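Listed here are the chains, written in short residue letters.
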Amino acid sequence: MEFEKHFLTEDFARLNNEINIMHRSSLNTIDCSLNGDMYHAELAAHQVLKSLQVVKALNAKKIVRDDHERHAMAVRRSYF
């Protein structure tokens, strides 16, 4: 997967951490639900959703930065 297209390089450490949390929480969700512990399964599933929201925010940050850079380039081109 090409992370550079979707995330800023300064966010890679945070992205890696959130992916690890999602992976661990997904496994915990499955394990707890198979053991009948629905309370902890729901908590783990909630953690997956929280991490997904962070990943989406990091992606949105990249999109906004790209839009600002495109706009700045367009403005520079119009003056020169």
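The sections below set out a description of the structure shown in this document. (Residues numbered from 1 in each chain as written. Predicted model: local features only at pLDDT ≥ 70, side-chain atom pairs only at ≥ 80, totals over all residues. Heavy atoms only, no water.)

### Re the overall build of the chain
Counting its secondary structure elements, the chain contains two helices and zero strands. The C-alpha radius of gyration computed for the chain amounts to 18 Å, which surpasses the reference 12 Å derived for 80 residues by more than 25%, pointing to a less compact arrangement than a globule. Long-range contacts, defined as pairs at least 24 residues apart, comprise 64% of the intrachain contacts of the chain with a sequence gap of at least 6. As displayed, the chain has an accessible area near 6,300 Å², and 60% of this comes from carbon and sulfur atoms. Averaged over its 11 positive side-chain charges, the chain has a centre that lies 8 Å from the centre of its 11 negative ones. (Helix = DSSP H or I, 4+ residues; strand = E, 2+ residues; numbered from the N terminus. Rg over C-alpha atoms; globule rule 2.2 N^0.38 Å. Contact = heavy atoms within 4.5 Å. Areas by Shrake-Rupley, 256 points an atom, 1.4 Å probe, with all protein chains shown as cover. Lys, Arg positive; Asp, Glu negative; His and termini not counted. Charge placed at Lys NZ, Arg CZ, Asp CG, Glu CD.)

### A closer look at a nonpolar patch on the surface
A cluster of nonpolar residues, Leu-27, Ile-30 and Leu-34, forms a patch on the protein surface that exposes about 330 Å² of accessible area. Residue position: Ile-30 is located in helix 1 (residues 12-34). Given a relative accessible area of 48%, Ile-30 falls into the partly exposed group. (Patch = residues over 30% accessible without salt bridge, like charges linked within 9 Å, V, L, I, M, F, W, Y side chains within 5 Å. Salt bridge = Lys/Arg side-chain N within 4 Å of Asp/Glu carboxyl O. Buried < 20%, exposed > 50% of the residue type's maximum accessible area, 1.4 Å probe, protein only.)

### Focus: the side chain of Asp-11
Topologically, Asp-11 is positioned in the segment before helix 1. Since its relative accessible area comes to 7%, Asp-11 is described here as buried. Dropping the residues within four chain positions of it, Asp-11 is found in contact with Leu-58 and Lys-61.

### Regarding the pattern of salt bridges
Scanning all chains against the criterion turns up three salt bridges. Here Arg-65 makes a salt bridge to Glu-10, at a shortest N to O gap of 3.0 Å. Here Arg-65 is found in helix 2 (residues 38-79), whereas its partner Glu-10 is found in the segment before helix 1, with 55 residues between them in sequence. Given the relative accessible area of 32%, Arg-65 is considered partly exposed.

### Digging into helix 1
For helix 1, with 23 residues, the first-to-last C-alpha span of 33 Å sits near the 33 Å given by 1.5 Å per residue. By the burial criterion, the buried members of helix 1 are Leu-15, Glu-18, Ile-21, Met-22, Ser-25, Thr-29 and Cys-32. Directly beyond the C-terminal end of helix 1, a positive phi value near 85 degrees is found at Gly-36. (Expected span 1.5 Å × (residues − 1).)

### Things to note about the nonpolar core
Among the nonpolar cores identified, the biggest contains six residues, and these are Phe-7, Leu-15, Met-22, Val-48, Val-55 and Leu-58. Sorting the residues of this core by element identifies helix 1 and helix 2 as the ones contributing at least two each. Tallying contributions element by element places helix 2 first for this core, with three residues. Contacts of Leu-58, omitting those with residues within four sequence positions, involve Phe-7, Asp-11, Arg-14 and Leu-15. (Core = buried A, V, L, I, M, F, W, Y, C linked by side-chain atoms within 4.5 Å.)

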